[in-house]
Amino acid sequence: MECCCGLLTAEKQPVPLKGIEVELEVKDHVATVVSTLHYDNKEDKAIEAVFVFPLPGDAAVCHFSAKVGQTEIVAEVKEKQEAREEYDDALSSGQQAFLLEESEQSSDIFSLSVGSLPPGESASIRLEYIIELAVQADDALRFCLPAVLNPRYQPQGSEGGGVQVTSVPASQVPYSLSFSARVSSPRQVSKIDSNCSLEPLQYLNAEQSQAVVKLAAGHKFDRDVELLIYYKDAHQPAAVVEAGQVSAKPGTLMGDAVVMLSLYPEFPQAVMSSLASSGEFVFVLDRSGSMDCPINNTKKSETRISSARDTLLLLLKSLPMGCYFNIYSFGSSFEHIFPTSVEYSEKTMEEALKKVKEMQANLGGTEILQPLKHIYNQPCIPSQPRQLFVFTDGEVGNTKEVTSLVKKNSTSHRCFSFGIGEGASTALINGLAKEGGGHAQFITGADRMQPKVMQSLRFALQPAVEDISVTWDLPQGVTAIVLSPPLTAIFQGQRSLIYAQLTGQSSEAKDCFVTVKYNLAGHPTQNQIPFTLQPTEETGLTIHRLSARTVIRSLETEKNNYDLMPFMEREDKKEEEDGVKQKVVELSVQSGVSSSHTAFIAVHKGESSTTQGPLLRQIIPVPSFRNMPQMMCMRSMPISPPNAFHNMPQMMCMQSMPVCPPDAGFAGPPPACIAYADCAMGGEMDDLDEMCYGWTKEIVAPSPPPCMDPLLELVSLQKASGCWPLVKALAAAMEKTSEEVEKPKPAAVSKDVWATILALIWLHGFKADAQDEWQLLAMKAVSWLCAQKASCVAECVAAGNTLLGCEVTKDTLGI
């Protein structure tokens, strides 16, 4: 019997990647990430190691170098095809070469090729990127190190090729990760939380404005590494000026100074207290097979689809009377509950809830493009602003097609997006929100989906911000060229960033101001930020590179719009399209920031000898978050040569959704996961939902359906108008009998008023920690109560507190 030892892939081949070290440095809300990958060839022949891995979709990758022995080779940014040819030429000459390229379909997937690594040789790859950290609902800054890369579904007929990934279950990833973070800010670092085990936080100064933290020993690749950083008195408006690169030509982005503006608008309380009572709310739910995966890796974790169903319940109960709504769901095909959006009423709400309860993750692949096209083809309803809510695990391969479609229709709607589970595409989720003028949320680890979604609904119900303008007050001779796309949406408590290039010079020692003006619910409002032209020290070229990344992404979106044109129309504009691509390449090379049209190339031009025979090609597996009992085969789509985004097996086997055979009676949790590996198979499939299953021998006995959460049980009983009926189910949700609930009701009060006051007392008394989830539907209930002009309200509150054992005041209830 053959004995395999050491670090092995699923195909029992040695893995040359031995470990990854990540050093994170956070300065205020900007993070610099340095990753070092250690390779070691234990084979008896030269190898080419290929590693396809995730990075944040909005990261500015700005450095790539390789160290072989004592020699360090710093990579250059070149046009992608030129870089690929140089890489191939180097390998054919027996030289060592290293190639780093971004996927042309999704900006959050990169490929690293380590070519011609001789037997017994080691190499260290250093990769650096910069990213802005997103603000969360509780004012935390969120950093996420993607560790999980789930295979992306590529719809048939999509532009470009899919990204092929060799994956193994997280527990079988054959390389280690070490992670440390250093955080500094003008303000105190209050705390740092994580979904992973951390060593104790260590402060570096008496003011506690600098701190370090590390991952605890024994970390496994079963999740993304997420840090939540909390500052005291966080998020003040600020402007930071960075001097240009001395060696760069004045008048260019890298040669001139650049300013980064951080806006944190605070809207007047009087305006914010009145939420909109109109709007067309369109909810788009992913029902592909991967939505049957658990949200996180805990054994008791609910599935993505079940959490989404519960969230839709809260959303539907929280909508205002007078609005319109519809619900779409999609997989390989799509469905909608109503032919067109309908007015929100008790009848339409109940009809929608009935359909939502029946929704399963049984629609096959992840084709989001067609339902979005169908929605955009529906005429908008006058005086009902369209708000789109998209729920998906983000496992699609045509990201740029989707985000381009959203951008094309951005004037007619706002788009709020939710990435569910580990490995959701940051490029897709952030791209949907950015191009749609909305807000993006990620639900991972122990996160509950409901509070994050309800925060976005509150954003959607905020008065619309209109007529946004930005003006600059600068010394004579200095001009600001805004590099960021125009602001189209501003939300209470959320940061908005503006990058601008400062051209020209002035001897005036004048204070500078930037003023952002907008109309909020008819009220002219403005925020003004003062700053000086004195550059900030010790920022390097961080702000310049983030600015370059912003411009590159805008140009890539413009280029992608040409790609989506009909052939003849595109041919007519070929010169314009080529011009946009050339701008991307020039700025990418000038700034040293990656793009979809360039790549980093490093060649070790030392002593070389012609390689004898073909290189041994090894695909390094990445962790994929699956915990399902079946296996499926997915057809690979054609890939553009050469290198890591091509030459993959024609078929891939990967874990996927549990699809039970007829009458199997599966109801309990899935059995332990099965490892999967590349396999070669003949034939082709028409769609992702045409699967070949490898059924496990383990059969799970049926189990009773889980009990509904008491909060959701009580919420499910609320009427569309906002009131609760006095029924047996309401008493049961509050753990009372019907007699116990009905007996203390004041005689002069109607049953619905009494039941509604009881429900509000119960929410405040027993579910105060989940107020973010029920706040909007409680506001609707209070409005309904006030409209009833009921007598004896104080008597009802006192009687309700006695019944439920609470001490909630009438003022707390808001009635």
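Quick caveat, the model's predicted, so the values are computed rather than measured.

## Examining helix α8 (residues 449-461)
With 13 residues, α8 should reach 18 Å at 1.5 Å per residue; the first-to-last C-alpha distance of 19 Å fits that figure. Counting buried positions along α8 yields 12 of 13 residues, so the element is predominantly enclosed. Buried positions along α8 lie against β20 (280-286), α3 (304-318), β24 (386-392), β25 (413-420), β26 (440-443) and α16 (771-788).

## So, the nonpolar core
With 85 residues, the main nonpolar core has Phe281, Phe283, Leu316, Phe391 and Trp724 as its most contacted residues. The dominant element in this core, judged by the number of residues it contributes, is helix α15 (residues 751-766), at 10 residues. With 55 residues, the next largest nonpolar core counts Leu17, Ile47, Leu117 and Leu145 among its residues.

## Some thoughts on the environment of Ala500
Structurally, the position occupied by Ala500 is in strand β29 (residues 496-503). You can call Ala500 buried: its relative accessible area is 0%. Measuring from C-alpha to C-alpha, the distance between Ala500 and Leu261 comes to 8.4 Å, with 239 residues separating the pair along the chain. Once residues lying within four places of it in the same chain are set aside, the contact partners of Ala500 are Ala257, Val258, Val259, Trp472, Ala480, Ile481, Val482 and Leu483.

## What to know about the pairing of strand β11 (residues 141-145)
Buried residues dominate β11, accounting for five of its five residues. Of the two faces of β11, both are covered, the one formed by Leu141, Phe143 and Leu145 as well as the one formed by Arg142 and Cys144. Bridge count between strand β10 (residues 134-135) and β11: two bridges; the pairing is antiparallel. Note that in β11 the partner of Ala134 across the bridge is Arg142. Linking β10 back to β11 in an antiparallel pair, the connection comprises five residues, with Asp139 at a positive phi of about 75°.

## A short note on the sheet that holds strand β28 (residues 479-482)
In spatial order, the strands read β18-β19-β29-β28; together these four strands make up an open sheet with antiparallel pairing. Two strands close off the open sheet at either side, each with one partner strand: β18 (238-242) and β28. Geometrically, the sheet is characterised by an average inter-axis angle of 30° between neighbouring strands, direction not taken into account. Bridge count between strand β19 (residues 257-263) and β29: seven bridges; the pairing is antiparallel. Considered in β29, the bridge of Ala257 is made with Leu502.

Quick notes on the rules
Sequence positions are assigned chain by chain, starting from 1 and proceeding in written order. Given that the model is predicted, a residue must reach a pLDDT of at least 70 before its local features are reported, and side-chain atom pairs must reach 80 or more before they are shown or counted; all residues, however, enter totals for whole chains, interfaces and linings. Computation of side-chain values: all heavy atoms of the structure, hydrogens and water removed. A helix here means a DSSP run of H or I that spans at least four residues, while a strand means a run of E at least two residues long, and both kinds are numbered starting from the N terminus. A helix is expected to reach a length of 1.5 Å times the quantity of its residues less one. In this scheme, a residue with accessible area under 20% of its type's maximum is buried, one over 50% is exposed, and one in between is partly exposed, where area comes from a 1.4 Å probe on protein chains only. It only takes one pair of heavy atoms within 4.5 Å for two residues to be counted as in contact. Here, nonpolar core refers to any group of buried Ala, Val, Leu, Ile, Met, Phe, Trp, Tyr and Cys residues whose side-chain atoms link them within 4.5 Å. Here, a strand pair is defined by DSSP locating no fewer than two bridges between the strands. Every axis corresponds to a line fitted to the C-alpha atoms, with the helix fit spanning only the stretch in contact, and the corresponding angles, defined between N-to-C directions, vary from 0 to 180 degrees.

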